[in-house]
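What follows is each chain in one-letter form.
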Protein chains: 2
Amino acid sequence: MSRTEAKSRSDVMFEAEGRNASKFRADVSVPMRKVARGTDFRPTDEGALPGGDGTAPVPLVHVTSGLSACIMSRLRAFSKRFDFDVTEFFVDCRGHWQAHQHGNLPYVGSLLGVTIGIDLRGSASKADKRGLITAVEKGRFIEVRCKPGIVKRPLKVGDGWVEV
Amino acid sequence: MSRTEAKSRSDVMFEAEGRNASKFRADVSVPMRKVARGTDFRPTDEGALPGGDGTAPVPLVHVTSGLSACIMSRLRAFSKRFDFDVTEFFVDCRGHWQAHQHGNLPYVGSLLGVTIGIDLRGSASKADKRGLITAVEKGRFIEVRCKPGIVKRPLKVGDGWVEV
């Protein structure tokens with residue numbers, strides 16, 4: 001079997017530890033034990049409205065940056081893997097979440113949709129760029145759960161956007 | 001209709017903008033336009049192995065903190081809503097992701113499972129604590145997509161853990 005046909009598997013274990021003492025502030029630490037050693041401190045808080053103190057980014061910021069960070073890292077990694085000429089690129093992630101509440105009961109939430117617009121610069125063909133985005137989708141580390149087919153990843157072509 | 005029976009709906013729109021200039025470093029900004037105004041800068045990078053410069057947390061850190069931050073914020077909000085006595089609490093989030101690769105092609109990834117251990121201190125009963133965790137699950141902002149039933153949220157009771 002040639003090297004290019006070999007199958008391989010990678011396992012990644014991940015973890016976080018969080019403590020909340022009383023209000024909304026939560027101290028979250030993400031230890032990295034293998035390649036990227038060290039512990040990242042990623043606290044979160046809420047603003048004044050629900051009773052927080054605004055000492056750290058709200059949970060939504062963590063989630064939105066997570067979606068974007070994963071996709072952007074894979075776009076770069078896979079463009080190198082395919083040897084596509086992708087220079088600079090831009091991602092624009094927009095989502096819509098909805099909560100339904102009866103009286104004072106806790107709400108029930110659902111994610112209605114996410115659109116991640118991808119603007120890839122460089123001389124790679126439109127077909128190659130579409131292939132790259134499809135590969136990125138399959139390589140997902142995390143995927144949002146919402147109505148089937150609602151996550152969209154349009155590609156910028158000239159001044160417009162095309163579905164991938 | 002009494003106030004406690006009223007139904008209400010909340011819509012939350014979220015967005016992030018990211019730019020990648022050449023290597024793995026991506027500058028991600030998360031603008032907050034409503035209650036929590038301001039823009040959070042949440043860059044990401046990879047370590048040296050895939051060709052990054054280690055200038056910012058890897059995407060995995062963003063995702064793991066996002067999972068933890070969402071759950072912790074809802075635990076606090078809903079314990080107040082239910083008026084359960086929950087003082088300090090701890091969350092331990094552990095996950096397993098796997099990638100399969102053929103030769104030098106981009107990998108195909110899947111999230112095999114996530115376990116989020118929840119240790120709630122305070123005098124709330126075990127039944128109330130279970131009810132709180134169930135409500136938190138329904139209020140999800142984001143949910144990881146993996147094999148059905150694989151996301152677990154055990155509750156710490158004494159020195160052991162029980163499934164919720």
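Residues numbered from 1 in each chain as written. Chains lettered and ligands numbered in written order. Predicted model: local features only at pLDDT ≥ 70, side-chain atom pairs only at ≥ 80, totals over all residues. Heavy atoms only, no water.

### What about the environment of B:Gly38?
Residues and elements named next belong to chain B. As a reminder, the rule being used: Only DSSP runs of H or I covering at least 4 residues are called helices, and only runs of E covering at least 2 are called strands; the numbering of each starts at the N terminus. Residue contacts follow a heavy-atom distance rule, with two residues in contact if any of their heavy atoms lie within 4.5 Å.
Relative to the helices and strands, Gly-38 resides in strand S3 (residues 38-41). Expressed as a C-alpha distance, the spacing of Gly-38 and Gly-54, which sit 16 residues apart in the sequence, is 26 Å. Gly-38 has contacts with Val-30, Pro-31 and Met-32, leaving out every residue within four places of it along the chain.

### So, the interface of chain A and chain B
The condition is simple: Any Lys or Arg side-chain nitrogen located within 4 Å of an Asp or Glu carboxyl oxygen qualifies as a salt bridge. We define a polar contact as two N or O atoms separated by no more than 3.5 Å, with the added condition that, inside protein, one atom must be a possible hydrogen donor and the other a possible acceptor, whereas residues neighbouring each other in sequence contribute only through side-chain atom pairs.
Taken together, the contact pairs 94 residues of chain A with 94 residues of chain B. For the pair chain A and chain B, the interface holds four salt bridges. Notably, a salt bridge pairs A:Arg19 with B:Glu88, separated by 2.6 Å at the nearest N-O pair. In this assembly, chain A and chain B are joined by 40 residue pairs in polar contact (both at pLDDT 80 or more).

### Some remarks on helix H2 (residues 126-138) of chain B
One turn of the α-helix equals 3.6 residues, which is why residues spaced by three or four share an orientation. All names here are of chain B. The condition is simple: By this rule, a helix spans an expected 1.5 Å times one less than how many residues it contains. Whether a residue is buried, partly exposed or exposed follows from its accessible area with a 1.4 Å probe, protein chains only, as a fraction of its type maximum: under 20%, in between, or over 50%, in that order. This arc is taken over the directions from the axis of the helix to the C-beta atoms.
Along its 13 residues, H2 runs 19 Å from first to last C-alpha, staying within 8% of the 18 Å computed at 1.5 Å per residue. When H2 is considered as a whole, its buried residues turn out to be Lys-129, Leu-132, Ile-133, Ala-135 and Val-136. Along the axis of H2, the buried positions cluster into a sector of 160°, meaning they face one direction only. In this structure, the buried side of H2 is in contact with helix H1 (59-82), strand S5 (108-120) and strand S7 (155-157).

### Describing the packing of aromatic side chains
So the rule is basically this: Aromatic rings from Phe, Tyr and Trp, taking only the six-membered ring of Trp, are treated as a pair when their centres fall within 6.5 Å; an angle between ring planes under 30 degrees marks them as stacked, one over 60 as edge-to-face, and anything in between as tilted.
This model, assessed by the stated rule, comprises six aromatic pairs over all chains. When the ring of A:Trp97 is compared with that of A:Tyr107, the centres are 5.4 Å apart and the planes differ by 85°; the resulting orientation is edge-to-face. Here the residue A:Trp97 occupies a position in strand S4 (residues 89-102), and A:Tyr107 occupies one in the loop between S4 and strand S5 (108-120), the gap between them amounting to 10 residues. Among the aromatic side chains, those forming a connected cluster through ring pairs are A:Phe78, B:Trp97 and B:Tyr107.

In short, shape yes, function no, at least from these values alone.
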